[in-house]
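Results of the structural survey
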Amino acid sequence: MKLSALAASSAVLFALAAPVAAEPQAEVLHWWTSGGEAKAVGVLQEEFSANGGTWTDMPVAGGGGDAAMTALRARVLSGNAPAAVQLKGPAIQEWYEEGVLADISSVAEAEGWADVLPASIAEHMKCEGHWCAAPVNVHRVDWIWANAEVLAANGIEMPTTWDEFNAAADKLKEAGVIPLAHGGQAWQDATVFEVVALGLLGPDGFKKAFVDLDADTLSSPEMVAVFDQMRKMRGYVDENFPGRDWNLATAMVMNGEAAFQIMGDWAKGEFLAAGKVPGEDFLCESAPGDGYLYNVDSFAMFEVDGDDKKAGQELLAKLIVGPNFQKVFNLNKGSIPVRTDVALDEFDSCAKKSSEDMAAASENGSLLPSYAHGMALRGAQAGAITDVVTAHFNSDMSSEDAVKMLAEAVANSM
Ligand code: BGC
């Protein structure tokens, strides 16, 4: 046999013997459907495709992810879980305990996640010592957003106390401006409530109430004051608030119909997607009081069959924590990178403030998990609190009755 023919035939033999390389595939369930969110998730989709992956999109609209979680449960119960799911906080461990999450420790170890993630955040990504989720970002929840022109026109500064907030809101109402853009959905009520609670209870009180579920704090006079402030907030929203999506509330601030919104920094993603400039068109300030409420988005991989799907999960996990994605995604999303080694030069002043405040809060023990965004409590307890918050906001229930109901609901949920 000629040498060239020998080479050709051995090449054929080699090709037959070599394992077929898996083609990464992933069906991805997420709830990022607003303008800013869609731009951000598009970054992941593109990077996945550029690395040979095939992405099947499963968006489930609904801020805060309640609808997405209902869709997830249905898929898992029918034995057909999506490969990758936007999931966070203790829900990750709850799903792990159901025996349906994949172990992604091999990717985490190969990529050195332990060296580039803050220890407190890495903990959320672990299940019985294994890595079971990949973190995307750090969103801060306790922000107040404002329309710069509306504030200037009414001689109002960003409030630094809740009394100042109330004085500003009263003045705006008098001037015919809607003080607070809000959407009446349970998770948005809970978001405003936890921001008010952090401000009025302080970081220690917040932790006792919404992390430790301490009965005395839940039924304290300070908690009555939190509901009093919520009653004031109810007076600052417009009549059409029920059911409104959060991004439509952000749009009301953008177009000057409303002055303020209390929302996590995914709202900044909306302002930026609309070409608005922080410090010029809109203002960001941490809500009155100390502390920092964090909300870390992450993806968990569900047990799936087939090498292509497993390869897809591994590729996705690797890209999510990779430095390029961490930068580009978070520039669009309004959050900051979860990796400690990504430079913030290209980020705006709100993101820089978030990063500085997070470092300071971590130092002084006031870095706290958001209860409203599923970081602090398991589903049953968080749900019990939110039911009371929403029932109070949407009725004329007294603060005293709300606090009584709160303590009972939490006790019954345990
Ligand atoms: C998520 C954000 C999302 C927001 C609104 C939050 O719970 O962490 O990523 O943009 O809900 O849907």
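Data block above holds the structure.
So, here's what we can say about the structure. What you see is a predicted model, and the numbers here were worked out from it, not measured in a lab. (Residues numbered from 1 in each chain as written. Predicted model: local features only at pLDDT ≥ 70, side-chain atom pairs only at ≥ 80, totals over all residues. Heavy atoms only, no water.)

Spatial ordering of the open sheet is given by β2-β1-β3-β13-β6, a layout of five strands whose pairing is mixed. The open sheet has two edge strands, β2 (54-59) and β6 (133-135), and neither has a second partner. Going from strand to strand, the sheet's axes swing by 20 degrees on average, the running direction of each strand aside. In terms of strand pairing, strand β1 (residues 25-30) meets strand β3 (residues 84-86) through two bridges, oriented parallel. Bridge assignment links Leu 29 to a residue of β3, and that residue is Val 85. Its contacts with the sheet put helix α15 (residues 307-321) on β1, β2, β3, β6 and β13 (298-301), and the angle it makes with β1 is roughly 60 degrees. (Pairing = 2+ DSSP bridges. Helix = DSSP H or I, 4+ residues; strand = E, 2+ residues; numbered from the N terminus. Axes fitted to C-alpha atoms, helices over the stretch in contact; angles between N-to-C directions. Contact = heavy atoms within 4.5 Å.)

Looking at the secondary structure, you find Arg 339 in the loop between β14 (336-337) and α17 (349-364). You can call Arg 339 buried: its relative accessible area is 12%. Within the local environment of Arg 339, its side chain forms a polar contact with the side chain of Asp 341, the two groups lying 2.8 Å apart. Not counting residues within four places of it along the chain, the set of residues in contact with Arg 339 comprises Val 116, Leu 117, Val 321, Gly 322, Pro 323 and Gln 326. (Buried < 20%, exposed > 50% of the residue type's maximum accessible area, 1.4 Å probe, protein only. Polar contact = N/O pair within 3.5 Å; in protein donor to acceptor, adjacent residues only side chain to side chain.)

Okay, the pattern of salt bridges next. Oppositely charged side chains are able to pair whenever their charged atoms sit close together. Within the structure shown, the criterion is met by 12 salt bridges. Residue Asp 212 is joined to Lys 207 by a salt bridge in which the shortest nitrogen-to-oxygen separation is 3.3 Å. The salt bridge involving Lys 268 is made with Asp 348; its shortest N-O contact spans 3.2 Å. In this pair, Lys 268 sits in helix α14 (residues 266-273) while Asp 348 sits in the loop between β14 and α17, placing the two residues 80 residues apart along the sequence. (Salt bridge = Lys/Arg side-chain N within 4 Å of Asp/Glu carboxyl O.)

Around the ligand, 13 residues are found, and the nearest of them are Glu 37, Lys 88, Asp 297, Lys 333 and His 373. At 2.8 Å, a side-chain N or O of Lys 88 approaches an oxygen atom of the ligand. Considering the ligand on its own, with 310 Å² of exposed area, one finds that the protein chains cover 100% of that surface. Judged by the proximity of its atoms to the pocket grid, the ligand belongs to the largest cavity. Here the shell around the ligand is built from residues that sort into four nonpolar, five polar and four charged. (Near = heavy atom within 4 Å. Areas by Shrake-Rupley, 256 points an atom, 1.4 Å probe, with all protein chains shown as cover. 1 Å grid on protein atoms, 1.4 Å probe; cavity = no way out; pocket = protein on both sides within 12 Å on 5 of 7 lines; lining within 4 Å. Sits in = over half its atoms within 2 Å of the grid points. Nonpolar A, V, L, I, M, F, W, Y, C, P; charged D, E, K, R; others polar.)

On to the packing of aromatic side chains, then. Enumeration over the complete set of coordinates arrives at 18 aromatic pairs. Consider the rings of Trp 145 and Phe 271, whose centres lie 6.2 Å apart with planes at 40 degrees: the pair is tilted. Pair noted here: Trp 145 is in strand β8 (residues 143-147) and Phe 271 is in helix α14, with a separation of 126 residues, a long-range link. Both rings, one in Phe 241 and one in Phe 393, keep their centres 5.8 Å apart while their planes meet at 90 degrees; by these two values the pair is edge-to-face. Of this pair, Phe 241 sits in the loop between α12 (221-236) and α13 (246-254) while Phe 393 sits in helix α18 (residues 379-393), and the two are 152 residues apart along the sequence. What makes Phe 241 buried here is its relative accessible area of 3%. You can call Phe 393 buried: its relative accessible area is 3%. A cation over a ring is seen here: Arg 140 above Trp 143, with NZ or CZ 5.3 Å from the ring centre. (Phe/Tyr/Trp six-rings, centres within 6.5 Å; stacked < 30°, edge-to-face > 60°. Lys NZ or Arg CZ within 6 Å of the ring centre and 35° of its normal.)

Moving on, we come to helix α9 (residues 162-174). Three- or four-residue spacings in an α-helix give side chains the same orientation, since the helix completes a turn every 3.6 residues. With 13 residues, α9 should reach 18 Å at 1.5 Å per residue; the first-to-last C-alpha distance of 18 Å fits that figure. Buried within α9 are the following residues: Trp 162, Phe 165, Asn 166, Ala 168, Ala 169 and Leu 172. Buried residues in α9, looked at end-on, bunch into an arc of 165 degrees, giving them a common side. More than 90 degrees from the buried face of α9, the exposed residues found are Asp 163 and Glu 174. Summarising the contacts, the buried residues of α9 are in contact with β8, α8 (148-153), β9 (178-180), α10 (186-210), α12 and β10 (258-262). (Expected span 1.5 Å × (residues − 1). Arc of directions from axis to C-beta.)

Before going further, it helps to examine the state of the cysteines. Summed over the entire model, instances satisfying the criterion amount to two disulfides. Across a sulfur-sulfur distance of 2.0 Å, Cys 127 and Cys 132 are joined as a disulfide pair. Note on the Cys 127 and Cys 132 pair: the S-S dihedral is about 75 degrees, so by sign convention the disulfide is right-handed. Overall, Cys 127 belongs to the buried group, its relative accessible area being 1%. For Cys 132, a relative accessible area of 1% corresponds to the buried category. Across the protein chain, the disulfide pattern expressed with sequentially numbered bonded cysteines is 1-2, 3-4. (Disulfide = S-S within 2.5 Å.)

What follows covers the sheet that holds strand β12 (residues 292-295). Taken in spatial order, the four strands make up an open sheet running β14-β7-β12-β15, and their pairing is mixed. At either margin of the open sheet sits one strand with a lone partner, and together these are β14 and β15 (367-369). Across two bridges, strand β7 (residues 137-140) lies against β14 in antiparallel orientation. Across the sheet, residue Val 138 finds its bridge partner in β14, namely Ile 336. In the packing of α10 onto the sheet, contacts are made with β12 and β15, and the angle to β15 comes to roughly 115 degrees.

With the rule as written, the count across this model stands at one cavity of 30 Å³ or more. Of the voids in this model, the largest cavity is the one considered here, and its volume is about 90 Å³. As for the largest cavity, its lining consists of 15 residues, and the residues nearest its centre are Trp 31, Glu 37, Gly 64, Trp 266 and Asn 295. Here the lining of the largest cavity is built from residues that sort into five nonpolar, six polar and four charged. (Points joined across faces, edges and corners; volume = space filled by probe spheres on them.)

Such coordinate-based values are descriptive only and should not be taken to indicate function.
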